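Okay, here's what each chain looks like letter by letter:
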Amino acid sequence: MSSTALPSSEPHESGFRWRMGVWWMIFRTAMEERLVYRGDFALGTLMRFLPIITQIFLWSAVFGSLKANGDEIAGYRFEDIVAYYLLTMIARAFSSMPGLASGIATQIRDGEIKRYMIQPIDLIGFLLLNRIAHKIAYYTVAIAPFALVFFLCRNYFVDGWPGFGVFAAFCASCIMGFLIGFFLEAAIGMIGFWFLEVTSLLFIYMLFSFFLSGHMFPLTLLPDSIEPFVNFLPLKYLAYTPAAIYLGKIPPEDIPIELAIEFAWLVFFIVVCRVAYRNGVKRYSGFGG
Amino acid sequence: MSNSAQKSKVGPNYWRVFLTFARNSLVRDMTFRTNFLLQCISSFGWTLMNVGFYLILFQYTDTIGADSGWDRDKFFIFIATTWFINSLVQAFFMPNAQEFSELIRTGGLDFALLKPIDTQFLISFRRIDWSALSNFFAGIIIIAVSLYNLATREVDAMIPSAMSILLYFAFVICGIAIMYSLMTCLSATSVWLGRNQTLYNFWFYITNFSRYPMEIYNTGWGKPLYGFFTFIVPVLVVVNVPARLLAKPISPRTDYEMLIIGWAVVATVLSIVVSRWVFKKSLGAYRSASS
C-alpha cells in the first residue's frame, strides 16, 4: 500500500493470495481490538448469567405449584427449562450482533460508507470478517465463564450429553444462527439508506426478537393458536432451535428438515442483504468530506 | 436546603428549576415526535410481551410458588407495581445517571459544579425521558384490570382498604427513593472507574431480582440472595412491600411481615443517606478531565 505506483495493473493485487492476505489482516486487527478489554469482557459475560438465577427461582416456584399432575410443562421438566435458558445463552452468543445494524446505519448517515465504494473491499464481507473475529475473540475469553456456569449447573442437564448426531446438528444450527443473525441485522442496517434514523426501529426489532426467538421462554409453551405462526418465523433460529435440538425436544427424524429450512432462510437473508446493499448504494449520495 | 432564611432568599427555587427541566425535556422529546411515538410503542410492546409471558405461566399454575398467595390477579398487581416504579425511575433518573457518568468522563461536570444549586439535584433531574412514562400508563391499565378482577371474582374476592391504598402510595415512593439511591451510587462509581458504560446492564441485572415476589428466593441456596437483596442492597423490598400491602388483606399480618415493612422505611432512609454520602465522596475524588 505504501507504493505510489498505480496498483490496479499488478496482477497480485487482485489474486487469491492478496485477497486472503487482506482478509487475514482484517481478521487479526479485529481480534486484537477485541482482546484489549478481556478482563471487562469476562466479568461482563459472567454477569450476563445473573438473570438466569431469577429465572431458576421463578420456574422453581411455578413447578412447585403445578395445576395438573405430573412434573412437565409442554414437555419440559424444571431441569429442562433451566438447561434451556443456559443453552439459549450459547445460541445467543452466536446469533446476537450488538451494534451491527446501528453501526451500518451510522456509517450510511455520516458518509463513512463511501470508503467501501472507493476501496477494493466489500462492505458486507468486511463486516462479516470483523464479526467472525469478534466472535472468536469473544469465545476465547468467554469460554471460561461459560464453562464455570455450565459446570455449576451440570445437574440441570438431566440427560447428560446428547448423541454425536444431535450434537453436530446443534453446532450446525448455532453456526447457521450466527449467519442468519448477521445477514438479518445487516439487512436491517441497510434500511438506513432509506431512513436516516433507524434506532427506534431497531429497538422494536430487538424487542420482538427477544420474545419470538425463544430467549424469554421455550416457544412450545405458546398457545396453540400462536405457536405455528411463530414457528414459521426465522427468529426462532437465533435461540430456540439450537437449544431445542440439544435437549432432544425436536425429534431426531425432524432435525434434517429443520436444518434445511434454516439453511433456506439463511440463503434468503444473504440475498435480501445483497439486494438491499446494491439498491441502497444506487440511491446513496454522499455529501461532504 | 432552605435551612436558614437568609440562604433561601438567595438560593434557587428548586421546584421551579425542576419544572423548567421538565418543560425543556418535553420540548426536546416533542421535537422528534415520530421517535417519541416509536419509543412509546416499543414500551407497550415490551409490556405486552411480559404480560403474555405471565399469562402463559398461569396456564400451568395457580400461584407463583405453592401457598404463597400470589395468584394471577395479585401477581399482576405486583407486576403493575414493578412497572410504576421502573417507569418513574427510567423517566426521571436513568437518563441523568447515564449523563452523569458521561459528564465525569468528559470533564463536563465542571460546569455543573459551578452552578449555584445543589449539584446532586442538578445532576439528578436535568433530563426527563417522557416516553418512559408510557410504561406508567401501561401499569395503570394492568392494575385497573387486576383490581377489578380481584374485586369481582367468586373465590377470595378482595377490595383493598383505604389504609392499604394510602400505604401503597407511600411505599411506592420509598421504593423509588431506594432505586434512585442505588442508581446514584452506581453512576458515582464512574469517578473511580473512569468509564461506566455497563451501568445500564448492571442496573438491569440488579433490579431483575426485584421483579418477583421475594418468597421465591426463600428456599435452599436462595436464602443468601434473599438476605443480601433484602438487607444489604435492599432491592427486594422495593416492589414487594407496596405490592403486598395492596394485594393482601392488611389485618392478619405476621410479625415477620411487619418487620419487613418497618425495614423498608429504614432502608429508604439509609439508602438516601448512603447515596448522598457516596455522591459527595465521588465529587471529592473528581478530577476534571480536559486541560
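Keep in mind that this is a model prediction, so the values were computed, not measured.

Peer 1: Honestly, the confidence of the model for chain B in this entry has me stumped. Any pointers?
Peer 2: Any segment with low pLDDT has predicted coordinates that should not be analysed in fine detail. Of the residues in chain B, 91% reach a pLDDT of 70 or more, and the chain-wide mean stands at 83. Taken element by element, chain B is modelled with least confidence in helix H1 (residues 5–10) of chain B, mean pLDDT 54, and with most confidence in helix H8 (residues 134–152) of chain B, mean pLDDT 92.

Peer 1: I keep staring at the UniProt feature "transmembrane region" (unreviewed entry) in chain A and nothing clicks. Help me out?
Peer 2: Residues and elements named next belong to chain A. Per the UniProt record, "transmembrane region" (unreviewed entry) is found at residues 41–62, 82–105, 136–157, 163–184, 191–212 and 259–277. Taken end to end, residues 136–157 is 77% helix and 0% strand, and its two terminal C-alpha atoms sit 26 Å from one another. As annotated, residues 163–184 comprises 95% helix and 0% strand, and the C-alpha atoms at either end are separated by 31 Å.

Peer 1: Whenever I open this one, the pattern of salt bridges confuses me. Can you help?
Peer 2: Two side chains carrying opposite charge are able to pair once their charged atoms lie near each other. Across all of its chains, the model carries 13 salt bridges over all chains by this definition. Among the ionic pairs, Glu-258 of chain A bridges to Lys-236 of chain A, the shortest N-O distance being 3.0 Å. You can see Glu-258 of chain A sitting in helix H12 (residues 255–283) and its partner Lys-236 of chain A sitting in the loop between helix H10 (227–232) and helix H11 (240–246), a full 22 residues away along the chain. The same class applies to Glu-258 of chain A and to Lys-236 of chain A, which are both buried. Linking Arg-276 of chain B and Asp-118 of chain B is a salt bridge whose minimum nitrogen-to-oxygen distance equals 2.8 Å. On the criterion of sequence distance, the pair formed by Arg-276 of chain B in helix H14 (residues 255–285) and Asp-118 of chain B in the loop between helix H6 (109–114) and helix H7 (119–125) is long-range, its members being 158 residues apart.

Peer 1: Whenever I open this one, a nonpolar patch on the surface confuses me. Can you help?
Peer 2: Residue and element names in this part refer to chain B. Residues Phe-44, Phe-137, Ile-140, Ile-141 and Val-145 make up a contiguous nonpolar surface patch of about 450 Å² in total accessible area. Counting residues per element, the nonpolar patch draws most heavily on H8, which supplies four residues. Structurally, Ile-140 can be placed in helix H8. With a relative accessible area of 36%, Ile-140 lands in the partly exposed category.

Peer 1: Mind showing me how you'd approach the layout of surface pockets here?
Peer 2: Rolled over the atoms, a probe with the dimensions of a water molecule shows which regions are left empty. Residues and elements named next belong to chain A. Empty space within the second largest pocket amounts to approximately 610 Å³. For the lining of the second largest pocket, the elements supplying multiple residues, two or more each, are helix H4 (78–95), helix H7 (123–152) and helix H8 (164–190). Among the residues making up the lining of the second largest pocket, the classes are represented as 19 nonpolar, one polar and one charged.

Peer 1: Which parts of the structure should I look at to understand helix H13 (residues 236–247) of chain B?
Peer 2: Each turn of an α-helix holds 3.6 residues, which means side chains three or four residues apart point in the same direction. Residue and element names in this part refer to chain B. Compared with the 16 Å implied by 1.5 Å per residue over twelve residues, the 16 Å span of H13 between its first and last C-alpha is a close match. Of all twelve residues that make up H13, twelve are buried, and the element is covered over most of its length. Every buried residue of H13 is accounted for by Leu-236, Val-237, Val-238, Val-239, Asn-240, Val-241, Pro-242, Ala-243, Arg-244, Leu-245, Leu-246 and Ala-247. Packed against the buried residues of H13 are helix H4 (72–92), H8, helix H9 (162–188), helix H12 (222–232) and H14.

Peer 1: Would you take a moment to explain the interface of chain B and chain A for this structure?
Peer 2: Listed per partner, the contact involves 32 residues of chain B and 34 residues of chain A. Together, the buried faces of chain B and chain A total about 3100 Å²; carbon and sulfur atoms form 76% of this surface. The largest share of the area that chain B buries against chain A comes from Met-49, Tyr-60 and Tyr-205 of chain B, three residues that together contribute 23% of it. In this assembly, chain B and chain A are joined by zero salt bridges. By residue number, the principal contributor to the side of chain B that touches chain A is helix H3 (residues 33–60) of chain B, which donates 13 residues. Split by residue class, the side of chain B that touches chain A holds 19 nonpolar, eleven polar and two charged.

Peer 1: Can you walk me through empty space enclosed by the protein in this structure?
Peer 2: Residue and element names in this part refer to chain B. For the structure on display, the rule yields three cavities of 30 Å³ or more. Quantified by volume, the largest cavity comes out at close to 100 Å³. Contributing to the lining of the largest cavity are Phe-93, Asn-96, Ala-97, Phe-100, Ile-123, Ser-124, Tyr-180, Met-183, Thr-184, Ser-187 and Phe-279. Within the residue set of the lining of the largest cavity, elements represented by two or more residues are helix H5 (94–106), H7 and H9. With four residues, the single largest contributor to the lining of the largest cavity is H9. Of the residues contributing to the lining of the largest cavity, the split by class is seven nonpolar, four polar and no charged.

Rules used in this analysis
Residues numbered from 1 in each chain as written. Chains lettered and ligands numbered in written order. Predicted model: local features only at pLDDT ≥ 70, side-chain atom pairs only at ≥ 80, totals over all residues. Heavy atoms only, no water. pLDDT = per-residue confidence, 0-100. Helix = DSSP H or I, 4+ residues; strand = E, 2+ residues; numbered from the N terminus. UniProt positions renumbered as here; feature names shortened; annotations may be inferred. Salt bridge = Lys/Arg side-chain N within 4 Å of Asp/Glu carboxyl O. Buried < 20%, exposed > 50% of the residue type's maximum accessible area, 1.4 Å probe, protein only. Patch = residues over 30% accessible without salt bridge, like charges linked within 9 Å, V, L, I, M, F, W, Y side chains within 5 Å. Areas by Shrake-Rupley, 256 points an atom, 1.4 Å probe, with all protein chains shown as cover. 1 Å grid on protein atoms, 1.4 Å probe; cavity = no way out; pocket = protein on both sides within 12 Å on 5 of 7 lines; lining within 4 Å. Points joined across faces, edges and corners; volume = space filled by probe spheres on them. Nonpolar A, V, L, I, M, F, W, Y, C, P; charged D, E, K, R; others polar. Expected span 1.5 Å × (residues − 1). Contact = heavy atoms within 4.5 Å. Buried area = accessible area lost by both parts, 1.4 Å probe.

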